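Geometric and topological summary
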Amino acid sequence: MTVYGNFPGSRPRRLRTTPAMRRMVAETRLDAADLILPAFVREGVDAPVPISAMPGVYQHTLDTLRKAAAEAVSAGVSGIMLFGVPADEKKDARGTAGTDPDGILQAGLRAVREEVGDDLVVMSDLCLDEYTDHGHCGVLTADGRVDNDATLKRYAEMAQVQADAGAHVVGPSGMMDGQVGVIRDALDQTGHEDVSILAYTVKYSSAFYGPFREAVGSSLKGDRKTYQQDPANTRESLRELALDLEEGADMVMVKPAGPYLDILAKVADAVDVPVAAYQISGEYAMIEAAAEKGWIDRDAAILESLTGIRRAGAQMILTYWATEVAQRLGGR
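Source: prediction; values computed, not measured.

1. A few points about the pairing of strand β7 (residues 196-203)
The element β7 is largely enclosed, with a buried count of 7 among its 8 residues. Where strand β6 (residues 169-172) lies against β7, 2 bridges are found, and the strand directions are parallel. Residue pairing across strands places V170 opposite I197, the latter belonging to β7. Between the parallel elements β6 and β7, the chain passes through helix α5 (residues 179-189) in a crossover that is right-handed.

2. Notes on the packing of helix α2 (residues 62-75) against helix α3 (residues 104-116)
For the pair α2 and α3, the least separation of the axes is 9 Å and the interaxial angle reads 45°. By the criterion of interaxial angle, the relationship of α2 to α3 is oblique. Considering the relative orientation of α2 and α3, their crossing is right-handed. Residue-level contacts link L62, L65, R66, A69, A70 and V73 of α2 to I104, A107, G108, A111, V112, E114, E115 and V116 of α3. Taken together, the residues that form the contact of α2 with α3 break down as 10 nonpolar, 1 polar and 3 charged.

3. Digging into a nonpolar patch on the surface
Taken together, L15, M24 and V25 make up a surface patch of nonpolar side chains, about 280 Å² in accessible area. Of note, L15 is situated in the segment before α1 (19-25).

4. Quick look at the pairing of β6
Burial along β6 is two-sided: the residues V169 and G171 and V170 and P172 are all buried. With 4 bridges joining them, strand β5 (residues 121-126) and β6 adopt parallel strand pairing. Across the sheet, D125 pairs through a bridge with G171, a residue of β6. Taking the sense of rotation as the criterion, the β-α-β connection linking β5, helix α4 (residues 148-165) and β6 turns out right-handed.

5. Some thoughts on the pattern of salt bridges
In total, this model carries 15 salt bridges according to the counting rule given. For K90, the salt bridge goes to E43, with nearest N and O atoms at 2.6 Å. Of the two residues, K90 is situated in the loop between β4 (79-85) and α3 and E43 in the loop between β1 (35-42) and β2 (49-50); the sequence distance between them amounts to 47 residues. Assessed through its relative accessible area of 42%, K90 is described here as partly exposed. In this structure, the salt-bridge partner of D250 is R184, at a minimum N-O distance of 3.5 Å. Residue D250 is located in the loop between α7 (235-247) and β8 (251-255), and its partner R184 is located in helix α5; the two are separated by 66 residues in the primary sequence. Exposure remark for D250: the relative accessible area of 32% places this residue in the partly exposed category. Residue R184 is classed as buried on the basis of its relative accessible area of 12%.

6. A look at the environment of P172
Residue position: P172 is located in strand β6. Apart from residues no more than four positions distant in its own chain, P172 is found in contact with L126, Q179, I183, I197, L198, A199 and Y200.

7. A closer look at the packing of α3 against α4
Direction vectors running N to C along α3 and α4 enclose 30°, while the axes themselves pass 8 Å from each other. On the basis of their axis angle, the class for α3 and α4 is roughly parallel. Along this stretch, α3 crosses α4, giving a crossing that reads as right-handed. Touching L105, Q106, L109 and R110 of α3 are V161, Q162 and A165, all from α4. For the contact of α3 with α4, the residue count by class is 4 nonpolar, 2 polar and 1 charged.

Rules and cut-offs
Residues numbered from 1 in each chain as written. Predicted model: local features only at pLDDT ≥ 70, side-chain atom pairs only at ≥ 80, totals over all residues. Heavy atoms only, no water. Buried < 20%, exposed > 50% of the residue type's maximum accessible area, 1.4 Å probe, protein only. Helix = DSSP H or I, 4+ residues; strand = E, 2+ residues; numbered from the N terminus. Pairing = 2+ DSSP bridges. Right-handed = clockwise from strand over helix to strand, strands pointing away. Axes fitted to C-alpha atoms, helices over the stretch in contact; angles between N-to-C directions. Parallel < 35°, antiparallel > 145°, perpendicular 65-115°, else oblique. Left-handed = near helix turned anticlockwise from the far one by under 90°. Contact = heavy atoms within 4.5 Å. Nonpolar A, V, L, I, M, F, W, Y, C, P; charged D, E, K, R; others polar. Patch = residues over 30% accessible without salt bridge, like charges linked within 9 Å, V, L, I, M, F, W, Y side chains within 5 Å. Areas by Shrake-Rupley, 256 points an atom, 1.4 Å probe, with all protein chains shown as cover. Salt bridge = Lys/Arg side-chain N within 4 Å of Asp/Glu carboxyl O.

Remember that the coordinates give geometry; whether it matters functionally is a separate question.
Below is the structure:
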């Protein structure tokens, strides 16, 4: 190495000297438009219900869901992903509440579209787990296994009713083989060619989903290891990616985000469609819990975690902090 004058001659710290300097040379920028707000709407409640494991997150009424959507628009958030929480007595083995045109998710979709129109990209979770009395993401066989092909028929029905209710985007999250292709066909055959599919392409069987089970009032018994991906695997993710793209996915997602940044980076490098990542309930809960204990700087940790997801290649991030962070970033 050639030394000019005093050693060291190369001083990268020169570009870290002030906040303005660091901002100017930043390689990754987080923007309000990168963010999507997941939101829960619950049937049969007249006030929002706090989710104990996710401080600051609620199961909404239709009225408070409207308000949350309007606040997201004002903050500059790009999208909202809706999850329905039906009354327990409406759950059954086939998840029929999920395909009822008057079911809680469809009611939520209509309410949000009435409130914000096209100012927010309105997305719907397309899965049966919230609506089944066994809590699995599909129809079960007699011996208790999820029947892939029977479930696909139910997903086709869900796609139609969600699109009829106003979804701009459907998000199939059940990890059934062939789900994207079946849903694309169902949408196209019912006059919904413009409805997009955000495929939950890479969805791992994760320990970090715990708080979400409370959020959707899950009835799950057992686990989802026979259809969600094994956390040990990488190549499997790229195979799922190729299949979803071949079947017509408009956008693809990696879930969870934080523990799988390596997978997110591989997916982002491999595709020419938009890539999303879902910062899930356990990721949210860990930061909130540690901050409540005074162990970490909450606001700094939130921004750092989201910047890391963005840096790994996500163009869109589903996060329960979407509106709050968008407001901090200056929104529009």
